[in-house]
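What follows is each chain in one-letter form.
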Amino acid sequence: MATLRDRLNALLRYRVGKYDSQTLANDLGIYGTTVSGANINENTALTISTVYACVYKIASTLASLDLEVYERNGREIQPANVHPAYDVIKYKPNEYQTAFDFWETVISNAVINGVGYALIERDGRGYVTSLVCLDVYDVDRKTVNGQIVYSVRNVGIVQAENMLEICNLQRKSPIRLHRENLGLAKAAEDFGAEYFGSGGQMTGILSSDQPLKKEQMDIIQGSWNKAAQQAGTKLLPFGFKYSRISISPDEAQFIETRKFQAEEICRIFSVPPTLVQLESQTTYNNVEQQNLQFARHTIAPWAKRIEQEIDRKLIQSRERPQIYSKFNLNDLYRGDMQSRADFYTKMLNNGVLSINEVRIRESMNPTDGGDTHVVQINQIALDKLGAYSDKVSETESNGQ
């Protein structure tokens, strides 16, 4: 028998349409605004420039990377371009989106909502034929008889193996977790908009040392408000004085507050401030290090989540681990290529790595003769140093 909550959910879905049962109360405003007075949800948060920039930076960066399906045959690795999943994830996920648009949409949903969904359509053999983006509010994740299923608007019940699900830490929206923090950023933005929208006129009080009737007060207030909308000198009636009760942007540390909140938002999304044009105590060296930090600590974890979800849902179990997906992150580390080249040179010269071991680390196929470990000719084991010295002396003597 359906519970009261089930009946209410069904009624709301019929009357309202799209909604998320987990966040319905907040969406309806039951939780109210933040302490700062700003109404923060996933949509209003995107109007904060730093939030939009962080979400865009993560989603567009991942979408721009090469995502391949590879086949491993012993030590040989080749693109699995005949596998059905290859074209779907790399070129044409569905009839109306490019691969870039698809991945940018799913990832941006995951970054801002905590989860991004795509419906997996398969052929008779169970291979993927297309991936269709879903609005997160069209999907209701639930557990039925111990199994996770998805109730999708206009589709019905979808089993877990047919839902591509990209999620962040504990599937929770960072917007809802940090509403108060984002509310402060929005309130600072609104304060600046209100201040400059009023021509820099600050709120104050008109007072008189004489008693006034209501009609007189209305006339004086209307006249003053009208004059306040225009630049220039204001004239107070005789016996009146003006007292400011608001604070100026300087007194409110307006610039410092907005800058600090922008950095706080960058911290929430793990995006270095320089990547969203926050130039705070930056130099060429630390900008490069922040780029590497973004690649290693932000993009790489998201890439691993997506790779594992693809391998789990789009590649059949009998094909793993020979068939697997992988993002090419080399472009993100290109600024550090000199350091990598120096590292490999030292490892090769000291015989720690072979040429093929270096090539495999760089996602390159082995080459003939590349398994031999070599050392520089001017290096020799200490226990053979005496024999080598005698041989050099003998060679020089014979040469003379």
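Cut-offs used in this document
- Residues numbered from 1 in each chain as written.
- Predicted model: local features only at pLDDT ≥ 70, side-chain atom pairs only at ≥ 80, totals over all residues.
- Heavy atoms only, no water.
- Axes fitted to C-alpha atoms, helices over the stretch in contact; angles between N-to-C directions.
- Helix = DSSP H or I, 4+ residues; strand = E, 2+ residues; numbered from the N terminus.
- Left-handed = near helix turned anticlockwise from the far one by under 90°.
- Contact = heavy atoms within 4.5 Å.
- Nonpolar A, V, L, I, M, F, W, Y, C, P; charged D, E, K, R; others polar.
- Salt bridge = Lys/Arg side-chain N within 4 Å of Asp/Glu carboxyl O.
- Buried < 20%, exposed > 50% of the residue type's maximum accessible area, 1.4 Å probe, protein only.
- Polar contact = N/O pair within 3.5 Å; in protein donor to acceptor, adjacent residues only side chain to side chain.

Draft legend 1. A look at the packing of helix α4 (residues 49-64) against helix α6 (residues 99-113). Direction vectors running N to C along α4 and α6 enclose 145 degrees, while the axes themselves pass 8 Å from each other. In the packing of α4 onto α6, the handedness of the crossing is right-handed. On α6, the residues that touch Val55, Tyr56, Ile58, Ala59, Ser60, Leu62, Ala63 and Ser64 of α4 are Phe100, Trp103, Glu104, Ile107, Ser108, Val111 and Ile112. Each residue belonging to the contact of α4 with α6 can be placed in one class, and the counts come to eleven nonpolar, three polar and one charged.

Draft legend 2. Summary view of the pattern of salt bridges. Scanning the model with the defined rule gives ten salt bridges in all. Note that Arg267 and Glu264 form a salt bridge whose closest N and O atoms lie 1.9 Å from each other. Separated by three residues within a single helix, Arg267 and Glu264 lie in helix α10 (residues 254-269), roughly one turn from each other. Judged by its relative accessible area of 17%, Glu264 falls in the buried class. One salt bridge connects Glu309 with Lys313, and the closest N-O pair in it is separated by 2.7 Å. A residue pair is termed a helical-turn pair when its members lie 3 or 4 positions apart in one helix, as Glu309 and Lys313 do in helix α11 (residues 284-313) at four residues.

Draft legend 3. Expanded view of the side chain of Glu42. You can see Glu42 is positioned in helix α3 (residues 42-45). A polar contact of 2.8 Å, which involves the side chain of Glu42, links it to the side chain of Arg176. Not counting residues within four places of it along the chain, the set of residues in contact with Glu42 comprises Ile112, Asn113, Tyr137, Ser173, Ile175 and Arg176.

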